[in-house]
Amino acid sequence: MAIVFGTDFSEQATVAAYAAAALAHRGGEALHLAHVLDFGSAGRSSATEETLRREATSRLEQQAVELRRREVPVTTHLLDGAPDEVLIELAAQVHAPLLVLSHHGQRAPRWRIGSVVERVVQSARCPVLVLRSPHPIEAWARGERSLRVLLGLNFSTPSDAAVAWVRRMRALGPCEVIAAHHYWGADAHARYGVPLHSGAEVAPEAEQALRRDLTARLGDMPGSGAVWVHLEPGLGRPSEALVHLARKEAVDLVVVGTHQRAGASRWWHGSVSQRVLHEAPTSVLCVPTSAASTRAIPHTRRVLAPTDLSEEGSEAVRYAYALAPAGGTVHLLHVLPLPAGAPPMGTGYALPEPSTAQERSDRDQLTAELRALIPPEATARGITTRVELVTGRKVSEAICQAAERLDCDVICLATHGRSGLARTLAGSVAQEVLLRGSRPVFIVRPSPNE
């Protein structure tokens, strides 16, 4: 495999080429140095075209000679066509793990930011490194310094791909990583079912759960250099928060995943990577979903077993224990109606302490019924059981929130049971959990003879 670098022979592109060569050398890759002749539809004589080809060939070879002095194998490519399309095709042909471009080295209109660079980022199957400040990255690749990296982190697949690339970079050299997540406080409370605290934008419980889940998303980071999660609550755009933090922390590189949305989807959802590419004060690495490495087999540690204590709901509990590993935990969940006058963000959260003897008695009875569902062999297998009684306006919402708050790996759920409505609506809770939730769901179908 090899790294592809597109040049237009400008001063900025020449400087960036040395950084690309250093990256290739650090990763043990070859460098493909490419220049694209874009004649467009304008008519030119064959003599003029031949002159341009000779000049471009000469300049390519001169630059290649300089780069080979850095002990990097260099192959030159003089190509015709639309630069973005040709560079993407070349990267695919040589199975390049990285395509590198200069941010402001382009002289022709098609090469300016917002045109070629943007279209390459939009369509390339491999990550695209856009160099605005090549020197820090070149020095890091040469082993002369650590790299300060800002990673855009969220719960999306493109973000996972970006995380995988940061791991790869840390395996090559020391990187200090700031994993930044911008979020709206109300969304965090809704995600975990945590009630809002008076006067606080984000309750500590919600922030703690968010930090826990994002840290898990980062996983193990190889190599040296500090790694920490930075949470940024607010109503602005995530791209604005990333650009502001990049300036504040004086980072050398911003790494973001990209959905590579097109057309109406791009207009409607916006593009964080596009805005960061335009506004960031430093180099930007855009990582598409297609660059994600193969994921490891997930480990099941905690299983959420919601039940309404019906026969069907209780039957699903047995399967929850079948899914739980030795030493794992099963959370037996029962959702109660939300008390009258309860705050909207209270849904899905643990019940307050009982205020009367009757409430205490009723709750003890529910707890006893739930514990009676624990299979005898659970203790022998070392499976821990925790009983969770929560409130909720919608059972499905409370289940999804509990799964997030308790960090459960899978939800084990019966397809139907008592719901407070006619049995003709049975199964709607399971369907809503499937549609609303982000965790894997194991559905237990009713017995055929029922």
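Predicted, not measured: the structure shown is a model, and the values here were computed from it. (Residues numbered from 1 in each chain as written. Predicted model: local features only at pLDDT ≥ 70, side-chain atom pairs only at ≥ 80, totals over all residues. Heavy atoms only, no water.)

Asks: Now, about the overall build of the protein: what can you tell me, with residues and values included?
Replies: Counting secondary structure elements, the protein contains 16 helices and 15 strands. Taking all 450 residues of the protein together, 49% fall into the buried category. Put simply, the protein shows about 21700 Å² of open surface, and 52% of that area lies on carbon and sulfur atoms. (Helix = DSSP H or I, 4+ residues; strand = E, 2+ residues; numbered from the N terminus. Buried < 20%, exposed > 50% of the residue type's maximum accessible area, 1.4 Å probe, protein only. Areas by Shrake-Rupley, 256 points an atom, 1.4 Å probe, with all protein chains shown as cover.)

Asks: Run through the pattern of salt bridges, naming residues and quoting values.
Replies: Counting across every chain of the model gives 22 salt bridges. The closest approach of N and O atoms between Asp-407 and Arg-302, which form a salt bridge, is 2.8 Å. Placement of the pair is Asp-407 in the loop between helix H15 (395-405) and strand S14 (410-414) and Arg-302 in strand S11 (residues 302-306), with a sequence separation of 105 residues. By relative accessible area, Arg-302 is classed as partly exposed at 22%. For the salt bridge of Arg-439 with Glu-404, the shortest nitrogen-to-oxygen distance reads 3.0 Å. With Arg-439 in the loop between helix H16 (428-436) and strand S15 (441-444) and Glu-404 in helix H15, this residue pair connects regions lying 35 residues apart in the sequence. (Salt bridge = Lys/Arg side-chain N within 4 Å of Asp/Glu carboxyl O.)

Asks: Any chance you could break down unusual backbone geometry for me, citing the residues and the numbers?
Replies: Its identity is not glycine, yet Leu-309 carries a phi of approximately 70°, on the positive side. One can find Leu-309 in the loop between S11 and helix H12 (311-323). Looking at Leu-309, the relative accessible area reads 18%, which means it is buried. Positive phi values are uncommon outside glycine, yet Asp-407 reaches one of about 55°.

Asks: Can you lay out the confidence of the model for the protein for me, pointing to particular residues and giving the numbers?
Replies: Across the protein, the average pLDDT comes to 87, with 86% of residues at or above 70. At the low end of the mean pLDDT range in the protein sits helix H10 (residues 263-269), at 45; at the high end sits strand S6 (residues 147-152), at 98. This stretch, residues 105-113, has a pLDDT under 50; its non-local contacts, to residues over four places away or in other chains, come to 32 contacts. With pLDDT under 50 throughout, residues 263-269 is counted as low confidence; its partners more than four residues away or in other chains account for 7 contacts. (pLDDT = per-residue confidence, 0-100. Contact = heavy atoms within 4.5 Å.)

Asks: Give me the sheet that holds strand S7 (residues 175-183): which residues, what numbers.
Replies: Strand order in the open sheet made by the 10 strands is S3-S2-S1-S4-S5-S10-S9-S6-S7-S8, with mixed pairing throughout. Edge positions in the sheet fall to strand S3 (74-80) and strand S8 (227-233), since each has one partner strand and no second. Recorded for the sheet is a direction-independent mean angle of 20° between the axes of neighbouring strands. Of the strands in this sheet, strand S1 (2-6), strand S2 (30-37), strand S4 (98-102) and strand S5 (128-131) touch helix H1 (residues 11-26), which is tilted by about 175° from S1. In this fold helix H2 (residues 46-68) packs onto S2 and S3, with an angle of close to 160° to the strand it touches most, S3. (Pairing = 2+ DSSP bridges. Axes fitted to C-alpha atoms, helices over the stretch in contact; angles between N-to-C directions.)

Asks: Residues and numbers for H15, please.
Replies: In terms of residue burial, H15 counts as a mostly covered element, since 10 of its 11 residues are buried. Every buried residue of H15 is listed here: Ser-396, Glu-397, Ala-398, Ile-399, Cys-400, Gln-401, Ala-402, Ala-403, Glu-404 and Arg-405. Taken from the residues just after H15, Asp-407 is the one with a positive phi, measuring 55°.

Asks: Report on helix H9 (residues 238-249), specifying residues and quantitative values.
Replies: The end-to-end C-alpha distance of H9, which contains 12 residues, comes to 16 Å, matching closely the 16 Å that a straight helix rising 1.5 Å per residue would cover. Here H9 has its buried residues at Ser-239, Ala-241, Leu-242, Val-243, Leu-245 and Ala-246. Packing partners of the buried residues in H9 comprise S6, S7, S8, strand S9 (253-258) and helix H11 (272-279). Directly beyond the C-terminal end of H9, a positive phi value near 50° is found at Ala-250. (Expected span 1.5 Å × (residues − 1).)

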